[in-house]
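Here's the letter readout for the chains.
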Amino acid sequence: MLKLGVNIDHVATLREARYRGGSTGEPDPVAAALAAEAAGAHGITAHLREDRRHIQDRDVWALREKITTRLNLEMANVPEIVAIAFKLKPEIVCLVPERRLEVTTEGGLDVVAAETALTETRKKMNDAGIAVSLFIAPDEAQIAASARTGSQFIELHTGKFAEEFSKAESGKWKAECELERLIAGVKLAHSLGLQVNAGHGLNCENLPALLRVPHLVELNIGHSIISRAVTVGLTAAVKEMLALMKNYSA
Ligand code: PXP
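Okay, so let's go over this structure. Being a predicted model, the structure only gives us computed values, none of them experimental.

Some points on the overall build of the protein
Scanning the protein from N- to C-terminus turns up 11 helices and eight strands. At 17 Å, the protein has a C-alpha radius of gyration in line with the 18 Å of a compact globule built from 250 residues. With the C-alpha coordinates of the protein rotated into their principal frame, the extents come out at 45 × 45 × 35 Å. Every one of the 250 residues in the protein was classed for burial, and the buried ones make up 52%. Looking at the protein alone, contacts between residues at least 24 apart form 68% of all its contacts between residues at least 6 apart. If you sum the accessible surface of the protein, you get close to 11,200 Å²; carbon and sulfur atoms cover 56% of it. Separation between the mean location of the 29 positive side-chain charges and that of the 32 negative ones in the protein comes to 2 Å.

The structure is reproduced here in structure tokens:
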């Protein structure tokens, strides 16, 4: 069964827009995580950024204490956050690139360039009982390098596919090209023994096309679910995504 990880960063983004620097405030990302779980989400994803622009340290500790599914901590491979992950013990970390000026995680990791450092972190995390995923573009060299790090998972960046999909009809063939890249990438990863997640920019419109990609384990979806929650409620938003994912066959 294809699993859904709900990314709750955007709930914290809304809270920080009003209460930055405070120790409370609404909406509460932990309450959102619990509602997502109650609606059937298989895991919760949160990104503790170095600049703490949305999720705060207190959020990840409260998530660790309260959620009953799986905590997927998105993070940069930097000493401060690595140290927090060791103490926090999420079930899985997803290592992502971080650029301070980006609105959201814009590109995938350059695993080829950072193979040694990523391998070191991967080993340390695994020794602490934490699984490791690397967020990468569906690029052959990056997939091969990810396998060499010994990571259990990769998360394929679906942002380019989603971007092309959202363009006018004339751009649809480009979305088709991106889909083909994802399909080729997932097949290669699968043949190298990697488990494959996917995420970024996925929504109810582009999801049916994405489900043509085989061998997927989990989708991580944030912005569209939290956006839909404003109009239909979080429970309904999670349930409608799960309903779309129901007929996936790997
Ligand atoms: N996966 C990763 C690694 C991400 O960085 C993000 C964005 O925070 C997502 C999935 C979710 O993307 P979106 O919010 O566009 O659904």
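Brief notes about the pairing of strand S7 (residues 195–199)
Across the five residues of S7, four count as buried, placing the element largely inside the fold. Pairing analysis gives five bridges linking strand S6 (residues 153–157) to S7, with the strands arranged parallel. Each residue of the ladder has a partner; that of Leu-156, found in S7, is Ala-198.

A few points about unusual backbone geometry
Here the residue pair Glu-26 and Pro-27 is connected by a cis peptide bond, since its omega of -5 degrees sits within 30 degrees of zero. One non-glycine residue, Lys-89, adopts positive backbone phi at about 55 degrees. The exposure class of Lys-89 is partly exposed, given its relative accessible area of 43%.

Details of helix H10 (residues 223–232)
Among all positions in H10, only Ser-224, Ile-225, Ile-226 and Ala-229 are buried. On its buried face, H10 is in contact with strand S1 (3–7), helix H1 (9–19), strand S8 (216–221) and helix H11 (234–245).

Points about the packing of aromatic side chains
Tallying each qualifying case throughout the model produces one aromatic pair. Residues Phe-161 and Phe-165 carry aromatic rings whose centres are separated by 5.8 Å and whose planes lie at 55 degrees to one another, so their mutual orientation is tilted. You can see Phe-161 and its partner Phe-165 sitting in helix H7 (residues 159–166), four residues apart, about one turn around the helix. Directly above the ring of Phe-165 sits Lys-172, whose terminal nitrogen or CZ lies 4.8 Å from the centroid.

Details of the packing of H7 against helix H8 (residues 172–191)
A pair of packed helices is captured by two measures, namely the crossing angle of their axes and the spacing between those axes. It is at 7 Å that the axes of H7 and H8 come closest, and there the two elements cross at 160 degrees. Taken together, the axes of H7 and H8 are roughly antiparallel relative to one another. For the element pair H7 and H8, the recorded crossing hand is left-handed. Residues Lys-160, Phe-161, Glu-164 and Phe-165 of H7 pack against Lys-172, Lys-174, Ala-175, Glu-178, Leu-179 and Leu-182 of H8. In the contact of H7 with H8, the residues fall into five nonpolar, no polar and five charged.

About the thresholds
Residues numbered from 1 in each chain as written. Predicted model: local features only at pLDDT ≥ 70, side-chain atom pairs only at ≥ 80, totals over all residues. Heavy atoms only, no water. Helix = DSSP H or I, 4+ residues; strand = E, 2+ residues; numbered from the N terminus. Rg over C-alpha atoms; globule rule 2.2 N^0.38 Å. Buried < 20%, exposed > 50% of the residue type's maximum accessible area, 1.4 Å probe, protein only. Contact = heavy atoms within 4.5 Å. Areas by Shrake-Rupley, 256 points an atom, 1.4 Å probe, with all protein chains shown as cover. Lys, Arg positive; Asp, Glu negative; His and termini not counted. Charge placed at Lys NZ, Arg CZ, Asp CG, Glu CD. Pairing = 2+ DSSP bridges. Phe/Tyr/Trp six-rings, centres within 6.5 Å; stacked < 30°, edge-to-face > 60°. Lys NZ or Arg CZ within 6 Å of the ring centre and 35° of its normal. Axes fitted to C-alpha atoms, helices over the stretch in contact; angles between N-to-C directions. Parallel < 35°, antiparallel > 145°, perpendicular 65-115°, else oblique. Left-handed = near helix turned anticlockwise from the far one by under 90°. Nonpolar A, V, L, I, M, F, W, Y, C, P; charged D, E, K, R; others polar.

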